[in-house]
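# Observations on the three-dimensional arrangement
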Amino acid sequence: MVARLETLDLSLGTLSDTGAEALLTGQPLTHLHELDLHHHFLSPAAQTRLTSELPGIVDVSDGQGDDAPHRYTAGNRL
């Protein structure tokens, strides 16, 4: 199933370094056209690793800080 994906949107969640590590060590994601992780709780090191291992496809904008005391999801109004 993963190999057939073109885009993966995990944005607006509570993604941490543990989740980033799982993404990088699981099935390869280099075939994706887009990996949207914006609004996350990743450390700068995890962000750098993601953008270097998946160049041009990953969005790690809107980081909430890896030391945030409370993690929350975000939502969009329809």
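Here the structure is a predicted model, which is why all the values come from computation and not from measurement. (Residues numbered from 1 in each chain as written. Predicted model: local features only at pLDDT ≥ 70, side-chain atom pairs only at ≥ 80, totals over all residues. Heavy atoms only, no water.)

### Details of helix α1 (residues 17-25)
If you check which residues of α1 are buried, you get Ala20, Leu23 and Leu24. What you see down the axis of α1 is that its buried residues fit within an arc of 95°, all on one side. Turned more than 90 degrees off the buried face of α1, the exposed positions are Thr18 and Thr25. (Buried < 20%, exposed > 50% of the residue type's maximum accessible area, 1.4 Å probe, protein only. Helix = DSSP H or I, 4+ residues; strand = E, 2+ residues; numbered from the N terminus. Arc of directions from axis to C-beta.)

### Quick notes on the pattern of salt bridges
Under the defined criterion, the tally for this structure stands at 2 salt bridges. Note that arginine 49 and glutamate 53 form a salt bridge whose closest N and O atoms lie 2.7 Å from each other. With arginine 49 and glutamate 53 both in helix α2 (residues 44-53), this residue pair falls 4 residues apart, about one helical turn. By relative accessible area, arginine 49 is classed as partly exposed at 31%. Among the ionic contacts, a cluster of salt bridges with common partners joins Glu21, Arg49 and Glu53. (Salt bridge = Lys/Arg side-chain N within 4 Å of Asp/Glu carboxyl O.)

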